[in-house]
Amino acid sequence: MWQELFLACSLINLSCASVPDVSIIQTAYEVEASSGSTLHDKGLKVLKAKCHHDPGKQFLCEVMFVSSSDPSERLYFDIVAVTRKNGGWELKSGLCKR
Amino acid sequence: MRMIPAAGKDGKTMTTGFRASRSGIYRWIAAAHVAAGLAFGPTAAIGEHLIEPPVFASHNGVLDIMMVAIAQPIPTISFRPPSSSTIIHPTGWVYQICPRPPSGLSCPAGSTTVSPYGGTRLSLQPGDTLKIRFVNRLPKMDPNKVAHVTDPGEANLYLNPTNLHTHGLLTPARAPTVSDPTFGDFTFVTVFNSANGIPVPQTTHQHGPIVMDTIDYKITIPANHPSGLFWFHPHVHGIALNQVVQGLSGIITIGSAGDNVRGDAVNTPWPDASVRHLMLKEIQVLPGGVISFDSGPQPTAPGEVLNQEDPDFCAQFPATGEVRQGSCAGQDNSADDGNNYTGGKWYMTVNGQQFPTVPITAPDGEIWRVATGAGSLSWDLQLVDDATHQPMTVQLIAIDGVAVHLPQDSPPSSIVWIAGGRFKVVACPDAPVIGSTLPVCVNEIVMMPSSRTELWVTYRNSQGRIVPPPRGASGTLKMVGLTMGSGDSWPAVDLAKVEFNQAGGRRYTSHQVVVGSARDAMGTHQPGGIFTTPVAYAATAVAPATANTACPPLPRGHRRRIFFGFSDVTTDGTFALGYEEVDQHSNVVPGSQKPAPDQLQQFDPSVTTVCLPLGPGQTPVQETWELIQLSTENHNFHLHQTRFVMTGANGGVIQDNFPLGVAVPGRKIADKVANDQNGVCTIAQWRRGECKSHPEVFDIQFSQLGEFVYHCHILEHEDGGMMARIQVVPSPH
């Protein structure tokens, strides 16, 4: 399915990322956090992401991030489920300081 | 890392980073021998000489290694399943260790890589840095055979994540940062093996950081860290038991035994050549067939390891004429709705060897440094004279890695009280008081999970006097069997044969060894000691934003009270802890009770139960904690990153785990507790005086920053939820 979508994107000259990356996850997080989602902790900045295609039609992404308000810049590590939604991306699980 | 290039007794030059032993205690082993042991370690039959664990030693202040958690057959255990002539070496989970290679996530084949089931020893010095590239290559488990995989948020446990805890070390429990992405002794991280699949995000009850495949640890040992015996093991909540009983553990030493021990004849440190390390492990091997797990009946293969551990695997005591040398035979419990283990075996090994022979040849005897890699099992040890069948006297040197210090005016039996009844004290014949420490002799030692004991072992007659051994003198190191209150019963098994061939004159000892130095328990409280000196690294540490409000110091005269019981006494296995603060008048501080008044809570890694700051000037802080046992089975209190001493105890027995006695329900509620409450009292019943439980009160020194845990170290109980999170932050002053 994803391969077909990516092929379609390329045919109509759309910029469709094939796999979520740091900027995609950060953007999706900020959209959801600003809309008041209680799924996520506040003020997070994603530093690294590595995503794996899951048979459940989503991506499972290893994410490393910091909390913007933390002067010690402690690193947090989590796995986040990411999926396509309306041409963009949506986080299906929480991005939490753990 | 020191590669140990020196020549040994046999004159061979070592090219490897470890050492081992044979008939003498130490010898260098040839690289070829090591290479042969690369895949599976040495093979051994019953009665072969005990082999020292391989050693990786620091060099120039650093030990830099790669540690890969892997599965491999255990060559020292040969299991013959019923109705088969094929020998099976059960699959253990072991740490494969090598000097850290320049790149990659695997150890090279060759003589510098070891992976013994019996455990490796990491030899460190105060002030060292232990660097570990840690890799998870463990196989995933059958989810139907993992007890806690159905607990909230724990669905990924079957993927077999792991981590590492340096048990007993006074070192920071540090989380990684952008500037230093390594982990300290931070037990919340879980490292998954990507070959087992990517963990699916859960919504509740998850562990801490989730990392794939590898992390780097950097464990800094303070320069004023006491010498002693410690150990390392995995600490993933929910499967700590599975991983430890399948083999994942090893030994850590700081300094050497001679730092705290010398003979009474000459004032020189005890020689390393007469020091032996014994790692006790136990593993249950199934005969095959259908076994009931929490999920229901499941098929098992012959030789499969039962890593959930069942105390009823064997009969507790041998039948008449039954010989149990390093193992006991599985029994049929089906008449009691239990499993049929007939044809299986429960192996209890020393350094991975089944019933080895320990030849004591040094005229002055040996120091034994005994550690346990058991999961839930508690050892009850005796060295029994084979001629008299009476337990032999040995001198107690250290508990939990710290030398025993009993002042002259204390009765030796006080060690029983301040160490939680772990020892049977007997006289040390002819041993006068030397210096400020009273010699303590024992002839029975209980080691609950995680504890360590160090002993001076030399031949003694039936009166406990040191005499030349008669020809052929021998003893048997025995696990004599132990019942834990109303809880588990652990079986009796002979662990090792000890041969006393001590010819020649003694050089170091007359009647005893002398215990104590500036680097032992008392030293930690002296000027310059780790519990009296400002914590240097805390001065530059950044406190969490909430520290001032969420981490107030415990007011003077107050104490923290910890309850050990169930979150729901009507549901078996809901192991949990409760918390409250008590003022100087023994009144509960309103609002302090967690999770709520008179309730206990199973472990939730997202909840910090206790938070405290260091003292002004980043000095260590002493608090008083009171432990209340609500269960009628034993628990074993352990607190990371520090150690504790019983309040009011006249002596320096500083421990990192303490066996709690059992609660005694009064006549009015006894039946209700036994029949309706799974043998566990409620806090309310304790407050009303209906359930008697002697509070154990400890002075605890906090000198290390970070986030860590306190818990029961019976791993079934820890995995079940009897654990809570604590944080120490820098002082705002």
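Residues numbered from 1 in each chain as written. Chains lettered and ligands numbered in written order. Predicted model: local features only at pLDDT ≥ 70, side-chain atom pairs only at ≥ 80, totals over all residues. Heavy atoms only, no water.

Caption draft 1: Highlighting the nonpolar core. By size, the foremost hydrophobic cluster in this structure holds 99 residues, and its most contacted members are Trp379, Leu495, Trp625, Leu639 and Tyr710 of chain B. Apart from the residues within four sequence positions on either side, Trp379 of chain B is in contact with Leu280, Lys281, Glu282, Met348, Thr372, Ala374, Ile445, Val446, Met447, Met479, Leu482 and Leu495 of chain B. Among the nonpolar cores identified, the runner-up in size contains 46 residues, and Phe77 of chain A together with Trp93, Phe134 and Phe183 of chain B belong to it. (Core = buried A, V, L, I, M, F, W, Y, C linked by side-chain atoms within 4.5 Å. Buried < 20%, exposed > 50% of the residue type's maximum accessible area, 1.4 Å probe, protein only. Contact = heavy atoms within 4.5 Å.)

Caption draft 2: Up close: the interface of chain A and chain B. Residue-level contacts link 17 residues of chain A with 22 residues of chain B. When chain A packs against chain B, close to 1600 Å² is buried across both sides, 70% of that on carbon and sulfur atoms. The three residues of chain A that bury the most area against chain B are Arg74, Phe77 and Arg98 of chain A, which together make up 38% of that side's buried surface. Applying the counting criterion to the chain A and chain B interface returns one salt bridge. A salt bridge links Arg74 of chain A to Glu707 of chain B, with the nearest nitrogen and oxygen atoms 2.4 Å apart. There are four residue pairs in polar contact (both at pLDDT 80 or more) connecting chain A and chain B. Contributions of two or more residues to the side of chain A that touches chain B are made by strand E1 (44–54), strand E2 (58–67) and strand E3 (76–85) of chain A. It is E3 of chain A that provides the largest number of residues to the side of chain A that touches chain B, a total of five residues. (Buried area = accessible area lost by both parts, 1.4 Å probe. Salt bridge = Lys/Arg side-chain N within 4 Å of Asp/Glu carboxyl O. Polar contact = N/O pair within 3.5 Å; in protein donor to acceptor, adjacent residues only side chain to side chain. Helix = DSSP H or I, 4+ residues; strand = E, 2+ residues; numbered from the N terminus.)

Caption draft 3: The sheet that holds E3 of chain A, seen in detail. Residue and element names in this part refer to chain A. The sheet built from four strands is open, its strands ordered E1-E2-E3-E4 with antiparallel pairing. Of all the strands in the sheet, just E1 and strand E4 (88–91) have a single pairing partner and so form its edges. Each neighbouring strand pair of the sheet contributes to a mean axis angle of 35°, computed without reference to strand direction. Alignment of E1 against E2, held across ten bridges, turns out to be antiparallel. Within E2, the residue paired with Ala49 across the bridge is Val63. (Pairing = 2+ DSSP bridges. Axes fitted to C-alpha atoms, helices over the stretch in contact; angles between N-to-C directions.)

Caption draft 4: Focus on the side chain of Thr300 of chain B. Tracing the sequence through the fold places Thr300 of chain B in strand E15 (residues 296–300). With residues up to four places along the chain from it excluded, the contact list for Thr300 of chain B reads Lys145, Leu286, Gly288, Gly289, Ile291 and Phe293 of chain B.

Caption draft 5: Region of interest: the pattern of salt bridges. What the rule picks out here adds up to 28 salt bridges over all chains. Linking Lys85 of chain A and Glu90 of chain A is a salt bridge whose minimum nitrogen-to-oxygen distance equals 3.6 Å. What makes Lys85 of chain A partly exposed here is its relative accessible area of 44%. The exposure class of Glu90 of chain A is partly exposed, given its relative accessible area of 21%. Its salt-bridge partner being Arg133 of chain B, residue Asp216 of chain B comes within 2.9 Å of it at the nearest N-O pair. You can see Asp216 of chain B sitting in strand E9 (residues 214–220) and its partner Arg133 of chain B sitting in strand E5 (residues 129–136), a full 83 residues away along the chain. Assessed through its relative accessible area of 21%, Asp216 of chain B is described here as partly exposed. Linked through salt bridges whose partners overlap, the residues forming this network are Arg559, Arg561, Glu580, Asp598, Glu626 and Arg687 of chain B.

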